[in-house]
Amino acid sequence: MLSAPAVLTAQTAPVIIRAGRLIDGRGTVTENATIVVQQGAISRVDRGRAAGTVTYDLSHYSVLPGLIDGHAHLSWYFNRSGRYHTPNDGDTPVQSMLAMTGNAFATLTSGVTTIQSPGSPEDKDLRDFIATGPTPGPRILTSLQPISSPRLTPDSLREIVKRRKAEGADFIKIFASQSIRDGGALTLTQEQLDAICGEAKSQGLRTLVHAHSAESIKAATLAGCTQIEHGVFATDEVLRLMAERGTYFDPQCGLVFRNYLDNRAKYEGIGNYTEAGFAAMEKAIPLAVAAFKRARATPGLKIVWGTDAVAGAHGRNVEDLICRVQDGGQPPLEAITSATSLGAQALGLGTQIGTIAAGYQADLIAVDGDPSKDITALRRVVFVMKGGRVYRWDGLRPSNATEQERN
Ligand SMILES: [Zn+2]
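Before going into details, it helps to say that this report is about the structure given with it.

Describing helix H10 (residues 319-326)
Counting buried positions over the eight residues of H10 gives six, a clear majority of the element. Structurally, H10 contributes buried residues whose contacts are with strand E11 (248-250), helix H7 (255-262), helix H9 (275-296) and helix H11 (332-338).

Here's what the structure looks like:
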């Protein structure tokens, strides 16, 4: 059962949280800990059970940092005819935004407190309303409109980077290869990638590059881009190159493909969601798992977590972490670290979110079970706090919470 969102406003009195098990996001697990939250941030973390008044008794649960999904598309949804929403399906911008806020709520209450959205101009208002207003949703970083045109000159590409920054983009998203449904080959030249990632760096913006083929991954890495997305056809050579250059890698394990296949009737017949496109995605499932295993075997490669969640997958994001552990052989604690402190570092927020320690934002979730041993415990989220505000608490109300604290 979901409790009503945002029932608590940021409190000035300290909020005391008792954790049965604390997973700090950096690989340390502590049995019995107490977290003190004040004005939206963690002010103290103590070993052992706190004496005195406890605001949230999570002593039967594991508490970990809110998860960070480095790649999710909240603007993708199924319309009321049960089809994948496209710009000409008759939905108004307001209707689309309502669908997006639904996706944002599903994502947040599933334990994902921050997402990075590569490629939707609509994100901007949702990001800002979540950040400053009453709209419940994960913290959003957005690229606004992505850059994909192979016809633009390096100079005009640099201009687009500057324009995105002026429009309020948090980072730049680039398509450097085709979709997996079209083969994944390189679509931009080295010169074009150099221009985009070079200009972004001088503007203080990170760059996320959609790249499937080894050639496209190599070109983006040599251009100094920050992070490579997908990489289904990554070879050992380009994986090593990424590790050497410190380029973050965000491969998907299976949720994105399985979600398309599970929802085939809702996508089929639109754009490249053709019979051949679905066949390519079916083939990509074992390739993606193999690419993830090779990535993990590459010394020093920084593998972050991004699901590429689209319509049908919002709120099921953790399935891709479960896939990494169950099919990809990743130890659960390493998977959790990739989705918390390392994910935060990749976002440039490594000193603000993704870790349970004094001074960090109070983004905390609790799950039933021990996800450091059984990753499927992430499916059983019972508590979600973002920035000190509680958006989900399925357990019993703490008996000592005063009426004032509830309101
Ligand atoms: Zn995507």
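Side note on the packing of helix H1 (residues 93-109) against helix H2 (residues 123-132)
Two elements in contact, H1 and H2, have axes separated by 11 Å at closest approach and are oriented at 50 degrees. As far as their axial angle goes, H2 and H1 are oblique. For the element pair H1 and H2, the recorded crossing hand is right-handed. Residue-level contacts link Met97, Met100, Thr101 and Ala104 of H1 to Asp123, Asp125, Leu126 and Ile130 of H2. Residues that form the contact of H1 with H2 fall into these classes: five nonpolar, one polar and two charged.

Focus: the pairing of strand E4 (residues 56-65)
Burial analysis of E4 places eight of its ten residues in the buried class, the great majority of the element. Of the strand pairs in this sheet, strand E1 (residues 15-23) and E4 are connected by five bridges, and their pairing is parallel. Each residue of the ladder has a partner; that of Ala19, found in E4, is Leu58.

A few points about the sheet that holds strand E13 (residues 381-386)
Strand order across the open sheet formed by seven strands is E3-E2-E1-E4-E12-E13-E14, with mixed pairing between neighbours. A single partner strand is all that each edge strand has here, and the edge strands are strand E3 (41-47) and strand E14 (389-393). Direction aside, the axes of adjacent strands within the sheet are offset by 35 degrees on average. Strand direction decides the pairing type here: strand E2 (residues 29-38) and E3, joined by six bridges, are antiparallel. Paired with Ala33 across the bridge in E3 is Arg47. Helix-sheet contacts for H1 involve E13 and E14, and the interaxial angle to E13 is about 110 degrees.

Re the sheet that holds strand E6 (residues 112-117)
Taken in spatial order, the three strands make up an open sheet running E5-E6-E7, and their pairing is parallel. Looking at strand neighbours, the two that pair on one side only are strand E5 (67-69) and strand E7 (139-142), the edges of this open sheet. Averaged over all pairs of adjacent strands, the angle between strand axes in this sheet comes to 15 degrees, irrespective of strand direction. Sheet analysis places E5 next to E6, joined by three bridges and oriented parallel. By the bridge assignment for E6, Ile68 is matched with Thr114. Packed onto the sheet, H2 meets E6 and E7 and runs at close to 150 degrees relative to E7.

Let's talk about the environment of Ala295
As for its placement among the helices and strands, Ala295 is situated in helix H9. Exposure remark for Ala295: the relative accessible area of 0% places this residue in the buried category.

Side note on the pairing of E13
Where burial is concerned, most of E13 is hidden: six out of the six residues are buried. In terms of strand pairing, strand E12 (residues 364-367) meets E13 through four bridges, oriented antiparallel. What sits directly across from Val367, in E13, is Val381. Relative to E14, E13 is paired through four bridges, and the arrangement is antiparallel. From the neighbouring strand, Phe383 faces E14, where its bridge partner is Trp393. Linkage of E13 to E14, two consecutive antiparallel strands, is achieved through a turn of two residues, within which Gly387 is found at a positive phi near 55 degrees.

Definitions and limits used
Residues numbered from 1 in each chain as written. Predicted model: local features only at pLDDT ≥ 70, side-chain atom pairs only at ≥ 80, totals over all residues. Heavy atoms only, no water. Buried < 20%, exposed > 50% of the residue type's maximum accessible area, 1.4 Å probe, protein only. Helix = DSSP H or I, 4+ residues; strand = E, 2+ residues; numbered from the N terminus. Contact = heavy atoms within 4.5 Å. Axes fitted to C-alpha atoms, helices over the stretch in contact; angles between N-to-C directions. Parallel < 35°, antiparallel > 145°, perpendicular 65-115°, else oblique. Left-handed = near helix turned anticlockwise from the far one by under 90°. Nonpolar A, V, L, I, M, F, W, Y, C, P; charged D, E, K, R; others polar. Pairing = 2+ DSSP bridges.

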